[in-house]
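# Commentary on secondary and tertiary structure
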Amino acid sequence: MILTFKVKHNRDFSLELRKAKQIAEFVLTHKTRSSKDVKQFGLKSAIANQILRKYGNNRTIKNVNRIKLTVPSQSIQSDKERRVIEIPCLNFKVQYCFRNDYEKVNQIELDNEYAYVSVNVKEEPQIVPKVWIGVDRNTTGHVAVVGNPTTGKVWKLGKEALHIHTKYKSIRKDLQKKGKLRLVKRIKNRESRIVRDLNHKIAKEIVEIAKRNEAGIKLEQLEGIRNNRKHTRKFNYSLHSWSFNQLQLFIEYKAKLCGIPLTYVEPKNTSKECSRCGDIGIRDSKKFVCQSCGHVDHADANASFNIALRQPISGLRIGRSNAGQLNTDRDVFKGNTDTPKGATL
Ligand SMILES: [Zn+2]
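One structure accompanies this document, and this report is about it. Predicted model only: the values in this text are computed from it and were never measured.

You can see V121 is positioned in the loop between β7 (114–120) and β8 (131–137). Distance in space between the C-alpha atoms of V121 and Y102 is 4.5 Å, their sequence separation being 19 residues. When near neighbours in sequence (up to four residues on either side) are disregarded, V121 contacts M1, L3, R99, D101, Y102, E103 and L257.

Encoded structure:
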């Protein structure tokens, strides 16, 4: 799997970027693909060739807007021990702190601020899950609540998100009132970084829970913010929708890397149904009560169990599994009829 990491650098590439733009414009107007034609611009040929390749073969690009310097694999050296990546032809070195278990660096794109380093990371072979865990996202107090109906265990993740969101919202409001717009932007960026780190952490935890339980992961298929009741509830305590999508992306790729199957289920009534008997119960903020079977549970835990027990939406299954049948059967709760252990945490 190819992963791209953003690494900040302190090198001024203005000159090279200007040359790259000139070359791209030249290539577009002269329709050339020959490296001889662009030699005059004085950009390193390995990089000039990438521009030739991109713009010379492309009939849809009309203007050159933002250009980056694309450096191919052969022009990159990486030293894993010192965690340094080097591009000798540009006399450029940068230290990195992203994962060190990559196989090779595929490509680097450079602009004046960042190096976008694409690396190849080996995926683990996919496991055949024994059970499924359900992930209820954007719940009343946590970013995600994970439930394993087979054991009744529940994990609540990302409690701090609400605090982060409230804190930064009030700081932003304050600054906006004072007209300090540049600071608002800076604060926004800081908040994004913090939320991003948190999302990484939560996604990692979810995948680790799945690994430990030899489980596949089930998520609700929620597409951003839509105007129906389910989503209104889902988003009224809210992380931004970008953050929600980001978390999903992180869970997906981390699961894929670790060989954990992941699939999506229909979100309808996951918070209203009783995970034990399937009837519609009563949800009163964090408490769920079923009047048919008398089951009482933490509302988010109940929802996460429902998600785990649902059949995947057909055609959406990511990865193979033969365990789907196991979990659509509510018998998993037999011998486990007390309130699940984690539910009161
Ligand atoms: Zn019930």
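On we go from here.
Where helix α3 (residues 160–177) contacts helix α4 (residues 181–212), the two axes come as close as 9 Å, and the packing angle between them is 175°. Classified by the angle their axes make, α3 and α4 are roughly antiparallel. Taken together, the residues of α4 that come into contact with α3 (itself represented by E160, A161, I164, H165, Y168, I171, R172, L175 and Q176) are L181, L183, V184, I187, K188, R190, E191, I194, V195, L198 and K201.

Ranked by internal contacts, the top residues of the largest apolar core, which has 75 residues, are I108, L110 and I217. When residues in this core are grouped by element, the largest group, 10 residues, is from α4. With residues up to four places along the chain from it excluded, the contact list for L110 reads H9, F13, L17, K68, L69, V71, I87, L90, F92 and A115.

What follows is about the packing of aromatic side chains. Taken as a whole and judged by the stated rule, the model has 8 aromatic pairs. Ring centres 6.2 Å apart and planes at 85° place the aromatic pair F250 and Y253 in the edge-to-face group. Pair noted here: F250 and Y253 are both in helix α6 (residues 241–258), with a separation of 3 residues, about one helical turn. Here the two residues F250 and Y253 agree in accessibility, since each one is buried. Among the aromatic residues, ring-to-ring pairing joins F5, Y96, F98 and Y102 into one connected group. The side chain of K8 reaches across the aromatic face of Y114, ending 5.1 Å from its centre.

All told, the structure shown has 11 salt bridges when counted by the stated rule. In this structure, K178 engages D174 in a salt bridge whose closest nitrogen and oxygen atoms are separated by 3.6 Å. The exposure class assigned to K178 is exposed, which follows from its relative accessible area of 56%.

Listed as protein donors to the zinc ion are C274 (SG), C277 (SG), C290 (SG) and C293 (SG); their distances from the metal cover 2.3 Å. With 4 donor atoms in place around the zinc ion and angles of 104 to 118° between them, the coordination shape is tetrahedral. Written as a sequence motif, the donor residues of the zinc ion are C-x2-C-x12-C-x2-C. The class of C274 is buried, set by a relative accessible area of 0%.

The next thing to look at is the side chain of H298. You can see H298 is positioned in strand β15 (residues 296–298). You can call H298 buried: its relative accessible area is 13%. Of note is the side chain of H298, whose polar atom sits 3.1 Å from the backbone nitrogen of D300.

What follows covers the sheet that holds strand β2 (residues 69–72). The strand order across the open sheet formed by 4 strands is β1-β7-β6-β2, and the pairing between neighbours is antiparallel. Each edge of the open sheet is held by one strand with a lone partner, namely β1 (2–8) and β2. Between one strand axis and the next, the sheet turns by 20° as a mean value, whatever way the strands run.

About the cut-offs
- Residues numbered from 1 in each chain as written.
- Predicted model: local features only at pLDDT ≥ 70, side-chain atom pairs only at ≥ 80, totals over all residues.
- Heavy atoms only, no water.
- Helix = DSSP H or I, 4+ residues; strand = E, 2+ residues; numbered from the N terminus.
- Contact = heavy atoms within 4.5 Å.
- Axes fitted to C-alpha atoms, helices over the stretch in contact; angles between N-to-C directions.
- Parallel < 35°, antiparallel > 145°, perpendicular 65-115°, else oblique.
- Core = buried A, V, L, I, M, F, W, Y, C linked by side-chain atoms within 4.5 Å.
- Buried < 20%, exposed > 50% of the residue type's maximum accessible area, 1.4 Å probe, protein only.
- Phe/Tyr/Trp six-rings, centres within 6.5 Å; stacked < 30°, edge-to-face > 60°.
- Lys NZ or Arg CZ within 6 Å of the ring centre and 35° of its normal.
- Salt bridge = Lys/Arg side-chain N within 4 Å of Asp/Glu carboxyl O.
- Donors = N, O, S within 2.8 Å, 3.2 Å for Na, K, Ca; no water.
- Tetrahedral: all angles 85-135°; square planar, octahedral: opposite > 155°, others 65-115°.
- Polar contact = N/O pair within 3.5 Å; in protein donor to acceptor, adjacent residues only side chain to side chain.
- Pairing = 2+ DSSP bridges.

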